[in-house]
Every structure is written in structure tokens, then in C-alpha cells.
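Letter by letter, the chains look like this.
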Amino acid sequence: MADSDAAGIPRGFGKTEREDAWWIENLPFIIVLGAFAIYTTWRAFEGKFYWTDPYLSPFYSPLIDPEHHWWPFSPAILILGGPLGFRLTCYYYRKAYYRAFLLDPPSCAVGEGRKHYHGETSFPFILQNVHRYFFYIAVIFVAFLWYDAIRAFFFPQGFGVGVGTLVMLLNIVLLSIYTFSCHSLRHLAGGKLDCFSCSTFGPVRHTAWRGITRLNENHMFWAWASMISVGLTDLYIRLVACGAIKDIRLL
Amino acid sequence: MTSKFETHELDVLIIGAGGAGLRAAIEALAQGVRVGVVCKSLLGKAHTVMAEGGLAAAMANVDKADDWRTHFRDTMRGGKFVNNWRMAQLHAQEAPDRVRELEQWGALFDRTENGDILQRAFGGHTYKRLCHVGDRTGLEMIRTLQDRGVAMGFDVYMECTITRLIKDGDRISGAFGYWRESGRFVVFKAKAVVIATGGIGKSWKITSNSWECTGDGMALAYEAGAELMDMEFVQFHPTGMVWPPGVQGLLVTEAVRGEGGILRNKNGERFMEKYDPKRMELSTRDVVARSIYTEVREGRGTPHGGAFLDISHQPAEYVKRKLPSMYHQFKELADVDITKGPMEVGPTCHYMMGGIRVDAETGQSSVPGLFAAGEAAAGLHGANRLGGNSLSDLVVFGRRAGLAAGQYAAKAAHGSVNNAEIDDAERSMLAAFERPQGEDPYQIHRDLQDVMHNLVGIFRNEEDLKRALVELEKLKERAQRMHVDGSRMYNPGWHLSRDLQCMLTVSEACTHAALARKESRGAHSRLDFPKTEDAWGKKNHVIVKKGTAMAVFEVPVRELPDDLKQILAEEK
Amino acid sequence: MAEVTLRIFRGDQKGGQHVDYKVPLVPGMVVLDAVHSVQGHQAPDLAVRWNCKAGKCGSCSAEVNGKPRLMCKTRMDALPTDRPIIVSPMKSFPLIKDLATDVSWNYKVNKMIPPFQPRPGVEWKMDQRDVDRVQEFRKCIECFLCQDVCHVLREHGKMDEFGGPRFFVRSASLEMHPLDGASRTRLLREKLGIGYCNITKCCTEVCPEEIHITDNAIIPLKERVVDQFYDPLTMLVRKIRGASTP
Ligand SMILES: Cc1cc2nc3c(=O)[nH]c(=O)nc-3n(C[C@H](O)[C@H](O)[C@H](O)COP(=O)(O)OP(=O)(O)OC[C@H]3O[C@@H](n4cnc5c(N)ncnc54)[C@H](O)[C@@H]3O)c2cc1C
Ligand code: SF4
Ligand code: SF4
Ligand code: FES
Ligand code: FES
């Protein structure tokens, strides 16, 4: 029998003795991530409706050469590599897309039926090891987005709060938590130490590490929440920018 | 020399890979001799892995007043003074060093505020003395010893059961056994053998012990002419699970009481006030076990015939941190959240104080070249073991036995291994296959457990014990007619048929010794002789094989030297 | 009394199949109880490993309805008892007989890992803060369920190049030991093949001790490997430091 071994145990793609609907767990990821990817690509190339005073879409921040002096295409393309790389190399997203898209494995204890496997030992996935550099870049983005969020309080007429302001604020809070719950940061902040009590700044770093660890325990949640919020924030600003809806001033 | 069987030539053969066996192996290796360890399970799964509460050593990290003298006194008092005083002394003196050594090999105990090993309170110990790792101390210990031994390079023969010790004249020359996996036979030639095979609980119906605890080492040594001692002292742990049926007997660590757990009967009365108002829940195990048993017998038991043990007055987080496996055990197996409500507990057969009679310093038995340590050896605990004194026993006397065996083997030459004896060992292993039909070993085992549970339990009397001997005789006779199905490959029925022989031997020894001791002392409670008699406190029982029968002797308890008498006399 | 059907794999290297056994259902029963009931009354030669019956020794690993589990911690009332319950041996290891598999490979991998080596001159004091992290790893009961489920071993059979999650946990327990002075990062990269792990977390999902294998052991170790082999900055810093301290 080709699809089972000597002991009558099933082998091959999708083969399992599991009786539950194991394939269901990948569905939300495929749907949401798929939708997000399509929307983002479209929006990145669209190159307009990203700014409506004082709101700047997170897809376009920091805004570079919006007047097309030297860059003929959508300014989003210049910067999206940063956040994209950060998320692509994020330990959580890796798990999710290896499972949902590469089916490596499709689910636990479910057959793959594939011969070759190199994991993260060779190109391209060996590049995942640079994740911490994307983290450094992500911090820069977070700084810009905080700047944008604060600017969103300053309307042409002066200080104020609109629905857009709150949306942007919530978005950057979620993004910050996601960014600062990163595994690489957890390592750099203190995880790399073997002995907190006998290193310089050990106790401080232990506190930092503990704090990040606590956030990190829900890294997956923050990844989802911040991804959805970025998408919705952009959508909101686009709708306002193109005049489909009106931003409501609360204050 | 037989070439019929796979043969391994070693200097020291260690039977058993629990704490005692592994510690012995490490020390024997350090003597520069070739060491092999055999065990019935995989490496790291021996019974020691289940020990929960901790390891007693007077390190005085928490209670500064503690020292070896107090530990010695507690051990002797707990053992009702029939202990081998020299063992109790060595144990109390050396345990702290053995603990430090574990730490130097990588063990990670829970810590005090200032970075030392944390110690907790336990029944019968005057001070906070139990070094622990949450409630999985045994796992930490066995993993540490196992890694140490592997790094030093001992040979491990896993899933291999020894069924006979081989002698050359008077002295040990090797052992015969089978691979559980393939059913093939194997011969070990060795100059010295250390028995560290653990306990005998599997002869009782309700027990905290695993399938391995069938008293093999004691039975093998007995067959080889060694003496067994103190076989009447079987410890029933007061707190085993009583519900659901599948987990009956499963241990609820004494650490629950160490951390402040309270015992109540169905009327909500804290009944230990009646039985031991001073030490309450932290009284010695024999007392607590009998108290619970009495409450149940007098109709004040819980719905499933036990007592309530409650730790829910402690903060939930604390309970989860200090007793994580108890928390999970009850949550997953009994649907009880111990941070919210009480557990139901009752006595369970737990530990064998008796075993092979050995020399205190070296662990050598009466047979030259045969050593024993750990639960399989007798002497340290007397009539009742204190919690935590077993893990420390394993490392203290495991080391001593390994050392002595290594030194002995370094000087001795290999003895010869007699072919006729090996052939006989093989024949007796195969007999059950050759009978076309006969008794089912599983059924005999269940019957044996009933006999021991009903007739040689917590409370004993002459009539029951005599009946037990008659019943055991019948079981032995049935065991002669056992039949097993299937092949020799990984066949648990066949394995049980062999283990059963050992269980029958040790059960008989327990019953004989229990019948002979006409008093109550420690774990041995006779309803017909409820008092503890001074005269009996001067005697131990020794059992040896005479021809084909079991003979019981009285031997005097060794007199204490004056300085130790002095320690015992001090009031604390 | 209610009955349930257990569909247990019976066989050895030469072949085998699942066989149905009917077992009376007892309150609070776990799968191991049911298997023992079969063994004690219907199939005396049914091979199954166990010791503690309390999830402490890691002997009774098997696959129940296709999921790697400890049989002694799998309650029957948590399974659909109207259908046969399928009990199979672990699939990543060579079969011995029935539910027993040959896990000796694991012991070989273990031997490759350098043992604890205290830094010279350490005082034997440790802070609970430092110990906490490592104690999580030391909870491992070597049930090898994580090894069984890990697709690098199970599907891709990389026994020769990959140590498996259990041994990342073990490496982590040594690497992060506050007093240990040895380094195992090269071993992790070259011999234990930590790069093969694509952090898909099945190991964490099955671990009965609830060790956060991926988050707390594998990922931090991967980061340490990055420090040593992939991050030009830390590599440079180390070079400079190494040059200044002879
Ligand atoms: C649930 C539980 C909790 C406990 N908690 C504590 C505690 O907190 N503190 C404490 O001090 N004590 C405790 N104890 C007691 C203590 O764990 C045991 O007494 C001790 O572990 C026995 O160790 P050992 O090395 O003598 O034997 P074991 O650990 O029982 O090992 C016996 C070894 O011998 C091998 N063997 C047996 N027969 C053969 C044979 N025929 N051929 C080859 N190999 C054989 C077995 O395979 C095994 O490897 C506890 C006991 C139990 C059951
Ligand atoms: S996370 Fe890594 S080690 Fe764990 S199962 Fe997945 S591939 Fe294997
Ligand atoms: S890490 Fe968990 S799953 Fe893996 S062997 Fe240890 S206890 Fe089992
Ligand atoms: S691990 Fe997810 S952001 Fe770094
Ligand atoms: S029997 Fe020990 S873990 Fe299941």
C-alpha cells in the first residue's frame, strides 16, 4: 500500500487518524490574510486618498515624496517593505503561513506527503534569521505612526478629536503592543542573559523581560488585532478622503 | 562459558535505575570499574520519578536550629527505635552533602530569599527540612542522576528484567534475565551486584506504586541466600486518592499537609485533634493513616470512603505554584479544583521499610559480592519511614553501596557462571509457555492483591495473618500451573507471570514477619496486640531461606553508643 | 453497564491491524484503564508501557483518535464513546509491538548534548527568578509526544539531522541555567538542526506538561543562534570584546 506503512499506519497528504475537522483551524487565517493581502496591494498601488487633514493613512506613513519629484509611483511602495518584512519574518506569522499556505504541516499529526524539506536552514527561509533587523525598522515606523496619531489631534482649525483621531490612536496602541511583544525584543531585552541576578543591569532587564514576556504570551492576539486595525484605519481614512463618509468631530 | 545467550561482562552490575541504582552506578564508575545498569522500564521512568514532596536533609537553610542530630532523632523516633542506628546516623550526617552534590550536577531546587535551597515542613520532622522542587522532586532527582551517569558513561540495559542471581560457591558471579522487548535471554557476568529494585506495593490492591514494584530484588536476594529484615513494616500512606476508581491509591503528596492542608471527616470535624493534638496533620504517616482508617470504619468517612483533605484556604496562586501536579491531578482525573474545594483521600500501600539486611557502612548483604540500597534495603527507617527520608536514603546509601561494590570489584576476580544454573533459569522462564493451558497470571495477581489487602493491611490480627498464609500457599500452588498466551515478544502476561513469583515470595515474608511480631509498632498494627512493648523494641525479624521453606529469626537491635543515646534523650 | 469499543492497534514490524475490544465504562476512567482492562481480561499479551498512571513518568504515550496523548491523562468521558476509540502507537518511532515503540533514538540524541558545566568558581547561590525559567524545562517527563508530533521527524524523518523539540527543551534548560558555563549554540545549529524547526507549534500543543516549548525554549534558542551566527552586529561586538579580553 502506498499510503500506509508496514504497520498499516496512514501516510501521505492529509492522511490522519484524527477525527476532528483539523482543516478548519487554517480557514480564518487563509480568509483574513488573503483579504488583507489583496486589499493592501490594491491600496498600496492606488496612490491616493491617503491623506485627509489631519489624518494620514498608516499605509503611507512616513510619507515620502508625495509630489512625485523623483518617485513616479505610489509613495506607499517606498515604505511598505518595512512593515511587510516585519510581519513576514515574525515568529507568529511564520507559524501561521507555514501551516495555512505551505501546508508544512497542514495541521498537527496530519500527513504532508512531501519529500523535500529544508525548514529554515536554506534559502529563502534562512532569511527569517534577520527578523530582529525588521524589528529595529518597525520601531522607526511605530515612532512615525505615533507622530501621526498625535498630529491627528490638530485640525486645521486647531485642537480637536474626531472619530479618525481615536481610530488612529487605537491603531498605534495595538501596533505598539504587537511590536513590543516581539520575540526578538524579548531576547534582546533580557532573554539572552543566563543569570539575571549576576549580570549588570540584570534586575532591570529581568523586569523588562518579564513585562515583554507577559505581552508576548498573547503575541498572536496582538498580531491579529494590529493587522486588522491597520487595515480598518486605512479603510476609514480612505473613505473619508474620497468623500464616501464624513468624519465625525467629537470635540 | 555458555555461548547460547547474549553475555555481558561487567565489574559491577546494578539492578535498578531509580535514585538508589543511579547514585550507586555513579559512585561505582568513579572507582574506575566497568558498570552496567539494568532496569525493567526505560531509563528515567523508575518509581523515583514519582516522588513528589521532597528530600530530607538537615541543611538548616530555613530553620537555622536544625542539624544532623535533630534529623537523626526524628528518624529514630519515627522508626520507633528499631532502626539500624548507624544507618540513621550516617543518613542524617551525609544527606546535606548529597543534596549539594545534586545541585552541582545540575539539579534546580526551589530557592530561599537569599539564594539557598528552600526547605519545607513534613510529617515527623521537627524543622522545615525537605528540599524540593514544587511537587516533582523525584523527577528532578532522577533526571539529574541519569544525566550525570550518561555523561560519565555507564552502560544502561533498559527494559531488561533480571530473574535470577548467579553464584559461584558462596559469592555472586552474575545474573540472568530477559529483554522485555524481544523475550530473549541475557547473562551478565559481574563481580559485584547492587540491588536497587525498589518496593513491593504491587502485591496490594490499593497502592501508590507502579507495576515495577513487585519486590524482585528482595525475592532474588532471598533466593540467593541473603537475609531479609523488618518485612512486617509496610507503610500505608495516609493520603491516596479514593475516587474515581481508576485512580484509587494514587498518591496525594504529604506536601499538601506540609503546606497547611487540613483533614476533616464527613461531619467537618478536624479529627486529628483527637489522635495527635500536638502534631495534627503533620503527625507521622502510621498515625495519620490509622486515624483516617478509623474515622471511615466508624462511619464518619466521605461518600467514597475516605477523609477530606483541604488546602483551599491557601491562596489559589500559591497552591498552583507549590503543588502544581496535585492541582492538575485532581483537576484532570477527578474533576476537583483543589484551590476551591477539598480532596477525598484514604490510605494507600506506599513504602516498604523492610528489605535486604545490609551492613550500614557498605550496603553489603550476607552474600559476598551482593549489595543493596534504597527501598530494597532495610534498616534506616525501622518501623516507619518519615516522608522525605527515602529520597535522601537513595543518595546516601546508593552512594555507599556503589562505592563499596566498586572497591570490592576492583579487587575481586570474576567468578564462574554455571551452565546448569542458567539452563535451569531458562527452563523456569519458559515453563508457562509450554503448558497448553492453566491459570491466568492476571487472575492470580488480582487474587493476591485481595488477600494482602484484606488480611495483611493496615490493621492485622493473628487469625487474618494465618489465613493469609494459607491463601498464599494456595496461590503459590496455582502459580505453579500458570499458562501464558502469545509469543515471547513484549508480552506483559508473561512478564507478570515472572513478577508474580517475586510478589508471592515477599508477600509471604511480610505475612510471616507480621505474624511473629506480637505487638503494634509504627506501621505494624495488631488489633490483638495493640500496645507497643519495650521487649519487642529490642528485636528485629530476619527471614532466610532454609531448604525450600522460609525461616523467621529474631535478632537483637544493636545497642546505641552513649553519645547517640544522649541525643535521643534530649527533648525537642 | 455502559460499554465502549476500543480499537487498538495490534501488530509488530511484520504487520498488523486495529482490533476492536469492548470494555465496560467506569466513572472517571482514562484510556489507560481501558487498555489495562483489555489486557487483564481479553488480550494478556497486549504490549503497552506505563508506570505512574498519573502523568508523571511519560511512559504511556500513544495516539488516541489520531492525537498524540498520554493515555493515563486522557479521560474516556472526554472522547466520543458512541464510536470506537482508536488507540495507536506513536508513529514517528519504529514499532516494537502493539502500543510499544522503539524510542532509543531519543537517548542517543540526548548523549550528544554536553552536560551541565558549572562556571569556574561559582558560589552555589541561585535566585528564584533565575531558576523559574529553567524549572519550566525541567518539568519535562520525556514522554516524547512532542517528538512524535513534530513534522520534521514524523513526516520528513530527519532523525539524523534534527534533535527534535524534547532536546531543544533540554538544551534550553542547560543553556539558561544560571550557573552553566558551556555553550551549545553551535551544536544546536549544526547537529541538532534547530533551523529545521519552522515553529509551527505542534510540539507545544501536545506537551502534557504544558511546557511552552516553542515560545520559551525553541525561539529563544533560535535567537541565541542568530546572535552567534547570523547577526553581523552581535558578531562584531563579540569580536571586539574577544580581542580586548585576552
Ligand atoms: C507517589 C510516590 C511519592 C513519593 N514521594 C516521596 C517523597 O516525596 N520523598 C521521599 O523521600 N520519598 C518519596 N517516595 C518514596 C520513594 O520515591 C521511593 O521509595 C524511592 O523512589 C525508591 O527508589 P529506589 O531507587 O529504591 O527504587 P525505584 O525508584 O523503585 O527503582 C527501582 C528500579 O529497579 C528496577 N527493577 C526492579 N526489578 C527489577 C528486575 N527484576 N530487573 C531489573 N530491574 C529491576 C526498576 O526497573 C527500577 O528501575 C514516594 C513514593 C511514591 C510511590
Ligand atoms: S515547532 Fe518546531 S520542533 Fe515543534 S513541532 Fe513544529 S517544527 Fe517541530
Ligand atoms: S517537552 Fe513535553 S511533550 Fe516533549 S517530551 Fe517533554 S513533556 Fe513530553
Ligand atoms: S516575533 Fe512577531 S514581531 Fe517579532
Ligand atoms: S503512566 Fe506515567 S505518564 Fe502515563
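Residues numbered from 1 in each chain as written. Chains lettered and ligands numbered in written order. Predicted model: local features only at pLDDT ≥ 70, side-chain atom pairs only at ≥ 80, totals over all residues. Heavy atoms only, no water.

1. Remarks on unusual backbone geometry
Stated precisely, the cut-off is as follows: Strands are runs of DSSP state E lasting at least 2 residues, helices are runs of H or I lasting at least 4, and numbering of each runs from the N terminus.
The linkage connecting A:Asp53 with the following residue, A:Pro54, adopts the cis geometry, with an omega of 5 degrees. Here A:Pro54 is to be found in the loop between β1 (51-52) and β2 (55-56). Cis geometry is adopted by the peptide bond preceding A:Pro105, which originates at A:Asp104 and carries an omega value of 5 degrees. Tracing the backbone through its elements, the reader meets A:Pro105 in the loop between α4 (91-100) and α5 (131-151). Even without glycine at this site, C:Asn65 takes up a positive phi of about 45 degrees.

2. Overview of the nonpolar core
Put simply, the rule is: By convention a nonpolar core is built from buried Ala, Val, Leu, Ile, Met, Phe, Trp, Tyr and Cys residues, the set being connected through side-chain atoms within 4.5 Å. Residue exposure (1.4 Å probe, protein chains only): buried if accessible area is under 20% of the type maximum, exposed if over 50%, otherwise partly exposed. Two residues qualify as a contact provided that any one of their heavy atoms is within 4.5 Å of a heavy atom in the partner residue.
With 247 residues, the main nonpolar core has B:Val12, B:Phe72, B:Leu165, B:Ile195, B:Met231, C:Leu6 and C:Met71 as its most contacted residues. Once you skip the residues sitting within four places of it in the chain, B:Val12 turns out to touch B:Ala28, B:Val33, B:Arg34, B:Val35, B:Gly36, B:Ala192, B:Val194, B:Ala405, B:Gly406 and B:Ala409. If you look at the next biggest cluster of nonpolar residues, it comprises 23 residues, including A:Tyr97, A:Ala138, A:Ala189 and A:Ala223.

3. Here's the deal with the site of ligand 3
For the record, the criterion: Residues are labelled near a given molecule or strand when at least one of their non-hydrogen atoms is within 4 Å of it. Residues are grouped as follows: Ala, Val, Leu, Ile, Met, Phe, Trp, Tyr, Cys and Pro are nonpolar; Asp, Glu, Lys and Arg are charged; every other residue, Gly included, is polar.
As a structural note, the neighbourhood of ligand 3 is formed by C:Cys140, C:Ile141, C:Glu142, C:Cys143, C:Phe144, C:Cys146, C:Cys207, C:Pro208, C:Glu209 and C:Ile213. Classifying every residue of the shell around ligand 3 gives 8 nonpolar, no polar and 2 charged.

4. Things to note about the pairing of strand β13 (residues 234-241) of chain B
Looking down a regular strand, the side chains alternate between one sheet face and the other. All names here are of chain B. Condition: Two strands pair under a simple rule: DSSP has to find at least two bridges between them.
In terms of burial, β13 is largely enclosed, as 8 of its 8 residues are buried. Both β13 and strand β16 (residues 343-352) contribute to a ladder of 6 bridges, which runs antiparallel. Bridge pairing in β16 places Gly240 opposite Gly346.

5. Concerning the pattern of salt bridges
Note on pairing: side chains with opposite charge can pair once their charged atoms come close. Stated precisely, the cut-off is as follows: Definition used for salt bridges: Asp or Glu carboxyl oxygen within 4 Å of a side-chain nitrogen of Lys or Arg.
Enumeration over the complete set of coordinates arrives at 97 salt bridges over all chains. For C:Lys56, the salt bridge identified is with B:Glu52, shortest N-O distance 2.6 Å. A residue pair is termed interchain when its members come from two chains, as with C:Lys56 in the loop between α1 (31-41) and β3 (61-64) and B:Glu52 in the loop between β3 (35-38) and β4 (55-56). Taking relative accessible area as the criterion, C:Lys56 reaches 10% and is therefore assigned buried. A salt bridge links C:Arg184 to C:Asp180; its shortest N-O distance comes to 2.9 Å.

6. A short note on the domain arrangement of chain B
Bring the parts together and some accessible area is lost; that lost area is often taken as the interface size. Residues and elements named next belong to chain B. Our working rule: What counts as a domain boundary in this text is fixed by an automatic or database domain assignment. Under this definition, polar contacts are N or O atom pairs within 3.5 Å; protein pairs additionally need one hydrogen-donor-capable and one acceptor-capable atom, and for neighbouring residues in sequence, both atoms have to be side-chain atoms.
Parsing chain B into structural domains produces domain 1 (240-348) and domain 2 (423-556). Computed over C-alpha atoms, the centres of domain 1 and domain 2 are 30 Å apart. Listed per partner, the contact involves 7 residues of domain 1 and 5 residues of domain 2. Counting the contacts that link domain 1 with domain 2 gives 0 salt bridges. On inspection of domain 1 and its partner domain 2, the count reaches 2 residue pairs in polar contact (both at pLDDT 80 or more). It is helix α8 (residues 285-297) that contributes the most residues to the side of domain 1 that touches domain 2, 6 residues altogether.

7. A look at the site of ligand 2
If you check the shell around ligand 2, you find 13 residues, and the closest are C:Cys150, C:Cys197, C:Thr200, C:Lys201 and C:Cys203. Of the residues assigned to the shell around ligand 2, the class counts are 8 nonpolar, 4 polar and 1 charged.

8. Things to note about the packing of helix α2 (residues 68-78) of chain B against helix α16 (residues 562-569) of chain B
All names here are of chain B. Cut-off, in case you're wondering: To get an axis, a line is fitted to the C-alpha atoms, and for a helix only the part in contact is used. The angle between two axes follows their N-to-C directions and goes from 0 to 180 degrees. With respect to orientation, any angle under 35 degrees is reported as roughly parallel, any angle over 145 as roughly antiparallel, any angle of 65 to 115 as roughly perpendicular, and every other angle as oblique.
At their nearest, the axes of α2 and α16 sit 9 Å apart, and the two run at 80 degrees to each other. Judged by the inter-axis angle, α2 sits roughly perpendicular to α16. Where α2 abuts α16, its residues Trp68, Arg69, Phe72, Arg73, Met76 and Arg77 lie against Leu564, Ile567 and Leu568. Classifying every residue of the contact of α2 with α16 by side-chain character gives 6 nonpolar, no polar and 3 charged.

9. Some words on the state of the cysteines
Heads up, the rule is: Any pair of cysteine sulfurs within 2.5 Å is marked as a disulfide.
Considering all chains together, one arrives at 2 disulfides over all chains under this definition. Disulfide pairing is shown between A:Cys108 and C:Cys202; the S-S distance is 2.1 Å. Disulfide A:Cys108-C:Cys202: torsion about the S-S bond near -90 degrees, hence left-handed. Of this pair, A:Cys108 sits in the loop between α4 and α5 while C:Cys202 sits in helix α8 (residues 202-206), on two different chains. Take A:Cys108: its relative accessible area is 5%, and that puts it in the buried class. Residue classification places C:Cys202 among the buried residues on the basis of a relative accessible area of 5%. What pairs with A:Cys195 in a disulfide is A:Cys198, and their sulfur atoms sit 1.9 Å apart. Where A:Cys195 bonds to A:Cys198 through sulfur, the torsion about that S-S bond is close to 130 degrees, and the disulfide is right-handed. B:Cys213 takes part in no disulfide bond, and the closest cysteine sulfur, belonging to B:Cys349, lies 9.5 Å away. Of the residues examined, B:Cys213 reaches a relative accessible area of 2% and is grouped as buried.

10. Re the interface of chain B and chain C
Here is the rule we go by: Accessible-area loss on putting two parts together, using a 1.4 Å probe and summing over both, is the definition of buried area adopted here.
Each partner contributes to the interface: chain B provides 60 residues, whereas chain C provides 54 residues. In total, about 4700 Å² of surface goes out of reach between chain B and chain C, with carbon and sulfur atoms giving 54% of it. When the buried surface of chain B facing chain C is broken down by residue, B:Lys45, B:Leu108 and B:Tyr490 rank first, second and third, together holding 14% of it. Across the chain B-chain C interface, the total number found is 8 salt bridges. In this structure, B:Glu140 engages C:Arg138 in a salt bridge whose closest nitrogen and oxygen atoms are separated by 2.8 Å. Between the two partners, chain B and chain C, sit 35 residue pairs in polar contact (both at pLDDT 80 or more). Examining the composition of the side of chain B that touches chain C, we find that 8 residues originate from one element, helix α4 (residues 137-152) of chain B, more than from any other. Counted by class, the side of chain B that touches chain C contains 26 nonpolar, 15 polar and 19 charged residues.

11. Some points on the interface of chain C and chain A
Taken together, the 54 residues of chain C in the interface contact 48 residues of chain A. Counting the surface lost from both chain C and chain A, the interface buries some 4500 Å², and carbon and sulfur atoms represent 50% of this. Here A:Arg132 makes a salt bridge to C:Asp231, at a shortest N to O gap of 2.7 Å. The interface formed by chain C and chain A contains 32 residue pairs in polar contact (both at pLDDT 80 or more). Contributing elements (two or more residues each) for the side of chain C that touches chain A: β2 (15-24), β4 (67-70), β5 (85-88), α3 (128-138), α5 (151-154), α8, α9 (213-229) and α10 (232-244) of chain C. The leading source of residues in the side of chain C that touches chain A is α9(C), at 9 residues.

12. Remarks on the sheet that holds strand β18 (residues 370-372) of chain B
The strands that make up a sheet pair up through hydrogen bonds in the backbone, lying either parallel or antiparallel. All names here are of chain B. Strand order in the open sheet formed by 5 strands is β7-β3-β2-β11-β18, and the pairing between neighbours is parallel. The two strands at the open ends of the sheet, each matched to only one other strand, are β7 (155-157) and β18. Mean inter-strand twist for the sheet, computed between neighbouring axes without regard to direction, equals 20 degrees.

13. Observations regarding the packing of aromatic side chains
Given two aromatic rings, one states the distance between the centres and the angle between the planes to describe the pair. All names here are of chain A. Spelled out, the test is: The criterion for an aromatic pair is that two Phe, Tyr or Trp rings (for Trp, the six-membered ring) have centres within 6.5 Å, with stacked assigned to planes under 30 degrees apart, edge-to-face to planes over 60 apart and tilted to the rest.
Summed over the entire model, instances satisfying the criterion amount to 40 aromatic pairs over all chains. Ring centres of Phe86 and Phe135 lie 6.4 Å apart, and the angle between their planes is 45 degrees; this geometry places the pair in the tilted category. One end of the pair, Phe86, is in helix α3 (residues 81-88); the other, Phe135, is in helix α5, and 49 residues separate them in sequence. With respect to class, Phe86 is no different from Phe135; both count as buried. When the ring of Phe135 is compared with that of Tyr136, the centres are 6.2 Å apart and the planes differ by 65 degrees; the resulting orientation is edge-to-face. Note on Tyr136: relative accessible area 32%, which makes it partly exposed. Among the aromatic residues, ring-to-ring pairing joins Phe86, Tyr92, Tyr93, Tyr133, Phe135, Tyr136, Tyr178 and Phe180 into one connected group.

14. Some points on the sheet that holds strand β21 (residues 539-546) of chain B
Residue and element names in this part refer to chain B. Pairing within the open sheet is antiparallel, and its 4 strands lie in the order β17-β12-β21-β22. Since the sheet does not close on itself, it has two edges, and those belong to β17 (355-356) and β22 (549-556), each with one partner. Relative to β21, strand β12 (residues 228-229) is paired through 2 bridges, and the arrangement is antiparallel. Within β21, the position partnered with Leu228 by the bridge is Ile543.

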